[in-house]
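Examination of the molecular architecture
Here is how the chains run, residue by residue.
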Amino acid sequence: MIACAMVLTYWVIQNNLQSSLSTGTTLFELSLLSFSLPGACLAIYMFKDNTIKSRGFFGFLCILALLVFWNQQALEYVIESDIAYAQHSFMHVSREISRLPVILVLYLVGIVLSCAILVLKYNRIVDAAVYSAILFGSFTFVFFHVAYISTALFTLAGILLLVYLLSASYELAFNDRLTGIPGRLALESDLRHLGRKYSLAMLDIDHFKSFNDTYGHDTGDDVLKLVASKLRKVRGGARVYRYGGEEFTVIFKGKLAEEALEHLEDLRRQIANYELTIRNIQDRPRSHRKGSKKRGNSEEKNVVSLTISIGLADTYDEKSVHKIIKAADQALYEAKDQGRNCTVAARQLTKDFKGNCAKYMV
């Protein structure tokens, strides 16, 4: 979507704006373009389904067509009315800053700063792509009098879009789409660069299959998202991954099991103490307001609790990655056999852990 908007803008610049800004309607056309490009880039947030063959992409093309039509009508109106737009107060130009009207310069600065805030707040690829396109487009419009600036900056914007495309492809390949955390491929890649000292935990949701069969796959997905959200908050420099199904992996680089155990126990207790309210999706009103009111008035709520079992291993006695994973898996099976909702380490820990749920095996 951004590429289409940028290509269309560059085509207009190369075909319609190659004359001096003081001649004809060139300045007015540049003003229209500088107003429309940021709007077109921001319009992509309206569409969640944004693949090329989707309705969202077709809708975005319709928006581009409407912007072209609006610009054409505005230009024809100015030409036919013979309006002295250059002398209008809104078209005041400060040549020390730009050949573009000051109000449009302020408009572009405001849009760029707003997009920068989105990048800093959410750190998503789509935000970075929108920010880069608007930033380079704005620089082009503000300093349009500089020779070859449109070619240089739009080329750079195109290169950045390719980089963002590769980054998005990486996310699709290495991140789990349901939970939003790195997946199995990311884990296998990171296992090659862990160094000589680390601990690895295998984590499994207890009775997940029965839970899934009882409450449905949608609720099961909500459970996986909940556990993933708790995993993101694990301290100690933990890296979290979805290993597959209801199983997750946590890696503590530079820490042995004694140091990782406390953080894992905090995670286990947080999940065990969390009360999950099961919603009846079939009876849920379509209106968000009615749904909130219904939940508030409901006296009986179907609340369930979740538990997890954790198996932990480290590089204290073993350096082979595959053997450490196998040891963590065996510790996880031991945690299941010992009644679930506990953490089992694959070796006897020298550090005493305060609590009844942490168990150890040799």
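Nothing here was measured: the structure is a model prediction, and the numbers come from that model. (Residues numbered from 1 in each chain as written. Predicted model: local features only at pLDDT ≥ 70, side-chain atom pairs only at ≥ 80, totals over all residues. Heavy atoms only, no water.)

1. Section: the confidence of the model for the protein
Stated precisely, the cut-off is as follows: The quantity called pLDDT is the predictor's confidence in a given residue, expressed from 0 to 100. In what follows, a contact means two residues having at least one pair of non-hydrogen atoms within 4.5 Å.
On average, residues of the protein score 85 in pLDDT, and 86% of them reach the 70 mark or higher. Below pLDDT 50 for its whole length, residues 350-362 participates in 39 contacts with residues either more than four positions away or in separate chains.

2. Focus on the pairing of strand β2 (residues 238-244)
Applicable threshold: Pairing between two strands requires that DSSP report at least two bridges joining them. Only DSSP runs of H or I covering at least 4 residues are called helices, and only runs of E covering at least 2 are called strands; the numbering of each starts at the N terminus.
The pairing of β2 with strand β3 (residues 247-253) spans six bridges and is classified as antiparallel. For R242, the partnering residue across the bridge sits in β3 and is F248. Two successive antiparallel strands, β2 and β3, enclose a turn made up of two residues, where G245 displays a positive phi of approximately 60°.

3. A few points about the packing of helix α9 (residues 217-231) against helix α10 (residues 257-273)
Operational definition: Helix axes use the C-alpha atoms of the stretch in contact, all axes being lines fitted to C-alpha atoms, and the angles between their N-to-C directions lie in the range 0 to 180 degrees. For a crossing to be left-handed, the near helix must be turned anticlockwise from the far one by less than a right angle; the clockwise case is right-handed. All amino acids are sorted into three groups, where Ala, Val, Leu, Ile, Met, Phe, Trp, Tyr, Cys and Pro are nonpolar, Asp, Glu, Lys and Arg are charged, and the leftover types, Gly among them, are polar.
Viewed as axis vectors pointing N to C, α9 and α10 meet at an angle of 145°, and their least axial separation amounts to 10 Å. Crossing handedness for the pair α9 and α10: right-handed. Within the contact between the two elements, α9 uses V227, K230 and L231 and α10 uses L267, Q270 and I271. Residue classes in the contact of α9 with α10 are distributed as four nonpolar, one polar and one charged.

4. Overview of the pairing of strand β4 (residues 275-278)
Put simply, the rule reads: Partly exposed residues are those whose accessible area sits between 20% and 50% of the maximum for their type, while under 20% is buried and over 50% is exposed, using a 1.4 Å probe and protein chains only.
Here β4 shows one buried face, formed by L276 and I278, and one open face, formed by E275 and T277. Judged from the four bridges that link them, β4 and strand β5 (residues 302-305) form a sheet pairing that is antiparallel. When the bridges of β5 are listed, L276 appears paired with V304.

5. Brief notes about a nonpolar patch on the surface
Condition: What makes a patch is a set of residues exposed beyond 30% relative accessible area and free of salt bridges, joined within 9 Å when like-charged and within 5 Å when nonpolar (Val, Leu, Ile, Met, Phe, Trp, Tyr). Note that accessible areas follow from Shrake-Rupley with a 1.4 Å probe, and for residues the cover is restricted to the protein chains shown. By convention in these notes, a salt bridge is any Lys or Arg side-chain nitrogen within 4 Å of a carboxyl oxygen on Asp or Glu.
Taken together, L8, W11 and V68 make up a surface patch of nonpolar side chains, about 280 Å² in accessible area. With respect to the helices, strands and loops of the structure, L8 is situated in helix α1 (residues 2-16). Looking at L8, the relative accessible area reads 30%, which means it is partly exposed.

6. Quick look at the nonpolar core
Definition in use: The set of buried Ala, Val, Leu, Ile, Met, Phe, Trp, Tyr and Cys residues whose side-chain atoms join them within 4.5 Å is what this entry labels a nonpolar core.
One finds F60 and F141 to be the most contacted residues of the largest nonpolar core, which totals 42 residues. Taken together, the elements giving at least two residues each to this core come down to α1, α2 (26-42), α3 (55-81), α4 (102-122), α5 (125-142) and α6 (149-174). Here this core takes nine residues from α5, the largest share from any one element. In this view, F141 contacts T9, I13, L30, L33, S34, L37, S98, L100 and L108; residues no more than four positions away in its chain are not counted. By size, the runner-up hydrophobic cluster in this structure holds 30 residues, among which are A201, I205, I310 and L312.

7. A few points about unusual backbone geometry
For N123, which is not glycine, the phi dihedral falls at a positive 55°. Here N123 lies in the loop between α4 and α5. The class of N123 is exposed, set by a relative accessible area of 65%.

8. Digging into the packing of aromatic side chains
Each aromatic ring pair is specified by the distance between its two centres and by the angle formed by the two planes. Quick note on the threshold: Any two rings among Phe, Tyr and Trp, with Trp reduced to its six-membered ring, count as a pair given centres within 6.5 Å; such a pair is stacked if its planes are under 30 degrees apart, edge-to-face if over 60, and tilted if neither. Here, a charge over a ring is recorded when the distance from Lys NZ or Arg CZ to the ring centre is within 6 Å and its angle to the ring normal is within 35 degrees.
Tallied over the full model, the rule gives five aromatic pairs. Taking the centre distance of 6.0 Å and the plane angle of 45° together, the rings of F35 and W70 count as tilted. Highlighted residues: F35 in helix α2 and W70 in helix α3, separated in sequence by 35 residues. Relative to Y107, the ring of F35 lies with its centre 5.2 Å away and its plane at 25°, an arrangement referred to as stacked. Taken together, the positions of F35 in helix α2 and Y107 in helix α4 put the pair 72 residues apart, joining distant regions of the chain. Through successive ring pairs, a cluster of aromatic residues spans F35, W70 and Y107. Seen from the ring of Y122, R124 lies directly overhead, with NZ or CZ sitting 4.9 Å from the centre.

9. Remarks on the pattern of salt bridges
By the definition in use, this model includes nine salt bridges. Between E188 and R184 there is a salt bridge, and its shortest N-O distance comes to 3.7 Å. Of this pair, E188 and R184 both sit in helix α7 (residues 184-190), four residues apart, which is roughly one turn of the helix. The partly exposed category is assigned to E188, whose relative accessible area is 38%. Between E265 and R269 there is a salt bridge, with its nearest N and O atoms 3.9 Å apart. Of this pair, E265 and R269 both sit in helix α10, four residues apart, which is roughly one turn of the helix. Taken together, the shared-partner salt bridges in this structure form one network comprising E265, D266, R268 and R269.

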